[in-house]
Amino acid sequence: MPDQAKEEIRVEVDGRTLKISNLAKVLYPRTGTTKGEVLNYYAQVSPVLLPHLADRCVTRIRWPHGVSDGSFFEKNIPGGTPSWVRTAKVPTTGSRAQSSGDTLVFPIVDDLATLTWLANLAALELHVHQWTVGRNGQPRNADRLVIDLDPGEPAGLHECCQVALMVRDKLAERGLGAKPVTSGSKGLHLYADLPKRLPSDESSALAKAVAEELQAEHPKLVTATMTKARRSGKVFLDWSQNAGSKTTISPYSLRGRERPTVATPVSWAEVEAGSEDPDALGQFLFEEVLERVSDLGDLFA
């Protein structure tokens, strides 16, 4: 097994030749999930994942030695990045309108070859902004809004489902349709496509207004306050992930948790069931997600 774990092979992906290594390395010790299985998951889910990564800068969280060991965030492309990987150079600040200052060079993951290259680097988590990059390489305004429903113990996904229905109604009042995604961790993410692109400060203000309205109406269940001490038993509506510099886990990305869970698009019927029955909705493993996509298609489309 040690020799097999260190094995390096060359594969052709979309006309690109990639070196793939350590296929037998266990990245999720609790389930025995290997790097080869991670690569296989990303290859199989790519038809529904890639459209949601398209034109978005990708921040990665990498676990080179598996999820029981250390991880690190990576924004810039690493040394040795293939020349064919599409990249975007953007200012480091959230304002992005500045004419000077430091820049970051992000990868844009718009094909299976780039996705495979990142998965081979043990980039288990793929996080994206709510804005896209134009073909000229320049960041555009936000094309969607996100609200992260983060439960404070003892609250959990059940309470998130209850609050998600309230957020859905608040967004509907503003002419926005919401799409729910389990976070793959503890909570839910709600996305809404914007009818026109907005600067990040405007989309953040919109999300914050929704969060603060619900905090005022349901103070025992909802908080819009960042302070962790005030979250106990409540669902924190994190509106701040709409800031230009912030990112959210992409739908269909794996999580670097104890088990290989995935940020999974779900139906509103599932959220409604989860709001009534604490056992009706949970976080999904990658095998379950592939089955769901096969049966249901892309619920996030």
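Look up: the structure comes first, before these words.
Residues numbered from 1 in each chain as written. Predicted model: local features only at pLDDT ≥ 70, side-chain atom pairs only at ≥ 80, totals over all residues. Heavy atoms only, no water.

1. Structural notes on the pattern of salt bridges
A full pass over the atoms with the stated rule returns 17 salt bridges. Close ionic contact of Asp55 with Arg86 constitutes a salt bridge, the shortest N to O distance being 2.8 Å. Of this pair, Asp55 sits in the loop between helix H2 (35-53) and strand E5 (58-62) while Arg86 sits in the loop between strand E6 (72-74) and strand E7 (87-91), placing them 31 residues apart in sequence. Of the charged contacts, one joins Lys179 and Asp193 as a salt bridge, the two residues approaching to 3.3 Å between their closest N and O atoms. Of this pair, Lys179 sits in strand E12 (residues 178-182) while Asp193 sits in strand E13 (residues 188-198); the two residues are 14 residues apart in sequence, bridging distant segments of the chain. When its relative accessible area of 17% is taken as the criterion, Lys179 is described as buried. For Asp193, a relative accessible area of 46% puts it in the partly exposed group. When salt bridges with common partners are traced through the structure, they connect Asp55, Arg86, Asp110 and Arg135 into a single cluster. (Salt bridge = Lys/Arg side-chain N within 4 Å of Asp/Glu carboxyl O. Helix = DSSP H or I, 4+ residues; strand = E, 2+ residues; numbered from the N terminus. Buried < 20%, exposed > 50% of the residue type's maximum accessible area, 1.4 Å probe, protein only.)

2. Brief notes about the pairing of E12
Of all five residues in E12, five are buried, a share of seventy percent or more. Residues Ala178, Pro180 and Thr182 point to one face of E12 and Lys179 and Val181 to the other, with burial holding for every one of them. In this sheet, E13 lies alongside E12 in antiparallel orientation, the contact comprising five bridges. Residue pairing in the sheet places Thr182 in a bridge with Leu188 of E13. (Pairing = 2+ DSSP bridges.)

3. Here we look at unusual backbone geometry
With an omega dihedral of 10°, the bond running from Glu153 to Pro154 counts as a cis peptide bond. Within the secondary structure layout, Pro154 lies in the loop between strand E11 (139-151) and helix H4 (157-173). Even without being a glycine, Asn22 presents a positive backbone phi close to 55°. Position of Asn22 relative to the elements: it lies in the loop between strand E2 (16-21) and strand E3 (26-28). Located in the positive-phi region is Asp55, a residue other than glycine, with phi close to 65°. According to the relative accessible area criterion, Asp55 is partly exposed, its value standing at 24%.

4. Some details on the nonpolar core
In terms of nonpolar packing, the biggest core is built from 70 residues, with Tyr41, Tyr42, Leu149, Val167 and Leu237 touching the most fellow members. Residues in contact with Leu149, not counting those within four places in the same chain, are Cys160, Val163, Ala164, Gly187, Leu188, Leu190, Val235, Phe236 and Leu237. Grouped together as the second largest cluster of nonpolar side chains are eight residues, Cys57, Val90, Leu104 and Phe106 included. (Core = buried A, V, L, I, M, F, W, Y, C linked by side-chain atoms within 4.5 Å. Contact = heavy atoms within 4.5 Å.)

5. Points about the packing of H2 against helix H7 (residues 286-296)
The contact between H2 and H7 brings their axes to 10 Å, and the two run at 25°. With respect to H7, the axis of H2 lies roughly parallel. The chirality of how H2 crosses H7 is left-handed. Counted together, Glu37, Tyr41, Gln44, Val45 and Val48 of H2 and Phe286, Val289, Leu290 and Val293 of H7 form the full contact between these two elements. Among the residues forming the contact of H2 with H7, the class breakdown is seven nonpolar, one polar and one charged. (Axes fitted to C-alpha atoms, helices over the stretch in contact; angles between N-to-C directions. Parallel < 35°, antiparallel > 145°, perpendicular 65-115°, else oblique. Left-handed = near helix turned anticlockwise from the far one by under 90°. Nonpolar A, V, L, I, M, F, W, Y, C, P; charged D, E, K, R; others polar.)

6. Thoughts on the environment of Lys89
Within the secondary structure, Lys89 sits in strand E7. Classification of Lys89 as exposed rests on a relative accessible area of 55%. Distance in space between the C-alpha atoms of Lys89 and Leu149 is 31 Å, their sequence separation being 60 residues. Setting aside chain neighbours within four positions, we find Lys89 in contact with Thr103, Leu104, Val105 and Gly137.

7. With respect to a negative patch on the surface
On the surface, Glu37, Glu287, Glu288, Glu291 and Asp295 cluster together to form a negatively charged patch. Relative to the assigned elements, Asp295 resides in helix H7. You can call Asp295 exposed: its relative accessible area is 64%. (Patch = residues over 30% accessible without salt bridge, like charges linked within 9 Å, V, L, I, M, F, W, Y side chains within 5 Å. Areas by Shrake-Rupley, 256 points an atom, 1.4 Å probe, with all protein chains shown as cover. Lys, Arg positive; Asp, Glu negative; His and termini not counted. Charge placed at Lys NZ, Arg CZ, Asp CG, Glu CD.)

8. Quick notes on the packing of aromatic side chains
Tallying each qualifying case throughout the model produces three aromatic pairs. Considering the side-chain rings of Tyr41 and Phe286, the 5.8 Å spacing of their centres and the 75° angle between planes classify their relative orientation as edge-to-face. One end of the pair, Tyr41, is in helix H2; the other, Phe286, is in helix H7, with 245 residues separating them in the sequence. The structure contains a cluster of three or more aromatic residues connected by ring pairs, namely Tyr41, Tyr42 and Phe286. In this arrangement the basic side chain of Arg168 is found over the ring face of Trp268, its NZ or CZ atom lying 4.6 Å from the centre. (Phe/Tyr/Trp six-rings, centres within 6.5 Å; stacked < 30°, edge-to-face > 60°. Lys NZ or Arg CZ within 6 Å of the ring centre and 35° of its normal.)

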